[in-house]
Amino acid sequence: MRRQALPPLQEKFAGRDQRQLRLLDIGSGTGRFVDFVKQAWPRLHVVGLDMSDAYVRHAKRHLRHRPRTSFVVGKAEAIPLPDNSQDAVSSIFLFHELPPKVRRSALRECARVLKPGGRFILLDSLQRDDRPDYDGLLKLFPQSYHEPYYPSYTKEDFRALAGECGLTHVRNKAAFVSKVMVFDKA
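Residues numbered from 1 in each chain as written. Predicted model: local features only at pLDDT ≥ 70, side-chain atom pairs only at ≥ 80, totals over all residues. Heavy atoms only, no water.

*Asks:* I'd like a rundown of the pairing of strand E3 (residues 69–73), residues and numbers included.
*Replies:* Of the pairings in the sheet, the one linking strand E2 (residues 45–50) to E3 comprises five bridges and is parallel in character. Within E3, the position partnered with Leu49 by the bridge is Val72. You can see the chain leave E2, run along helix H3 (residues 53–62) and come back into E3, and the turn it takes is right-handed. (Pairing = 2+ DSSP bridges. Helix = DSSP H or I, 4+ residues; strand = E, 2+ residues; numbered from the N terminus. Right-handed = clockwise from strand over helix to strand, strands pointing away.)

Shown next as structure tokens:
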């Protein structure tokens, strides 16, 4: 599922010198998505951000052979990077884990660090009414697994939230039980 976030990156990166581009992956965990990115764009500057020191240590070890790749411990709602510094920001299966207030702060931070013309790619679970046949499954998911913020995630209007942060909704694409949401900064 993570690879579904690669085509929207390709759209933004096509024809550009990858050595001059920067990607931030928030909630990067053990670096699996960053590894996919580096396979496609080996000279791209990538920063993985995660609040787990153990995950960051693992990602650093796992991707030590990948140049121009770094990982930092930090929170998505307080990204330790300058304003307008990233050409793209990705988030893979993070937003359903966040309380609504933190979700909004994290989205504002993603918009803050994006350069004008930059792209934010949010890949996460389907939401209610994306595929009506799956709504029952989405309702049961937080009961079967410890996912306290999942019900609010399934109802969240990311298009409106992103608009409040200066991001324009480009499209959504369903991918089995996941969804890729693409936003650009004007």
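*Asks:* Mind laying out the state of the cysteines, listing which residues take part and the relevant values?
*Replies:* Tallying each qualifying case throughout the model produces zero disulfides. Cys110 carries a free sulfur, and the closest cysteine sulfur to it, the one in Cys165, is 8.8 Å from it. (Disulfide = S-S within 2.5 Å.)

*Asks:* Any details on the layout of surface pockets? Residues and values, ideally.
*Replies:* Its boundaries defined by the atoms lining it, the largest pocket holds a volume of some 470 Å³. Partitioning the lining of the largest pocket into residue classes produces 12 nonpolar, seven polar and seven charged. (1 Å grid on protein atoms, 1.4 Å probe; cavity = no way out; pocket = protein on both sides within 12 Å on 5 of 7 lines; lining within 4 Å. Points joined across faces, edges and corners; volume = space filled by probe spheres on them. Nonpolar A, V, L, I, M, F, W, Y, C, P; charged D, E, K, R; others polar.)

*Asks:* So what's going on with the pattern of salt bridges? Residues and values would help.
*Replies:* Tallied over the full model, the rule gives 14 salt bridges. A salt bridge links Arg57 to Asp53; its shortest N-O distance comes to 2.3 Å. You can see Arg57 and its partner Asp53 sitting in helix H3, four residues apart, about one turn around the helix. Between Lys115 and Asp87 there is a salt bridge whose closest N-O contact spans 3.4 Å. Pair noted here: Lys115 is in strand E5 (residues 114–125) and Asp87 is in strand E4 (residues 86–92), with a separation of 28 residues, a long-range link. Look at Lys115 and you get partly exposed, because its relative accessible area is 25%. (Salt bridge = Lys/Arg side-chain N within 4 Å of Asp/Glu carboxyl O. Buried < 20%, exposed > 50% of the residue type's maximum accessible area, 1.4 Å probe, protein only.)

*Asks:* Just give me the short version of the environment of Ser105, but keep the residues and values in it.
*Replies:* Tracing the backbone through its elements, the reader meets Ser105 in helix H4 (residues 100–113). Note: C-alpha distance between Ser105 and Glu77 (28 residues apart in sequence) is 5.0 Å. Only 3.1 Å separates the side chain of Ser105 from the side chain of Arg108, close enough to count as a polar contact. (Polar contact = N/O pair within 3.5 Å; in protein donor to acceptor, adjacent residues only side chain to side chain.)

*Asks:* Just give me the short version of the nonpolar core, but keep the residues and values in it.
*Replies:* With 28 residues, the main nonpolar core has Leu24, Ile26, Val89, Phe95, Phe120 and Leu167 as its most contacted residues. For this core, the elements supplying multiple residues, two or more each, are strand E1 (22–26), E2, H4, E5, helix H6 (150–155), helix H7 (158–164) and strand E7 (178–185). Looking at this core element by element, the count peaks at five residues for H4. Residue contacts for Phe95: discarding those within four places in its chain leaves Ile26, Arg103, Ala106, Leu107, Phe120, Leu122, Asp124, Tyr153 and Phe158. (Core = buried A, V, L, I, M, F, W, Y, C linked by side-chain atoms within 4.5 Å. Contact = heavy atoms within 4.5 Å.)

*Asks:* Talk me through the packing of aromatic side chains; I want residue IDs and the actual numbers.
*Replies:* A complete count under the given rule lists nine aromatic pairs for this structure. Centroid distance Phe141 to Tyr145: 5.0 Å. Interplanar angle 35°. Geometry classified as tilted. Taking relative accessible area as the criterion, Tyr145 reaches 51% and is therefore assigned exposed. Put simply, the rings of Phe95, Phe120, Phe141, Tyr145, Tyr150, Tyr153, Phe158 and Phe183 pair up and form one aromatic cluster. Its end group placed over the ring of Tyr134, Arg131 keeps NZ or CZ at 5.9 Å from the ring centre. (Phe/Tyr/Trp six-rings, centres within 6.5 Å; stacked < 30°, edge-to-face > 60°. Lys NZ or Arg CZ within 6 Å of the ring centre and 35° of its normal.)

*Asks:* Which residues make up unusual backbone geometry, and what are the values?
*Replies:* A positive phi is found at Arg68, a non-glycine position, where the angle reads about 55°. Within the secondary structure, Arg68 is located in the loop between H3 and E3. A positive phi is found at Asp129, a non-glycine position, where the angle reads about 75°. Here Asp129 lies in the loop between E5 and helix H5 (135–144).

Nothing here speaks to function; it is geometry throughout.
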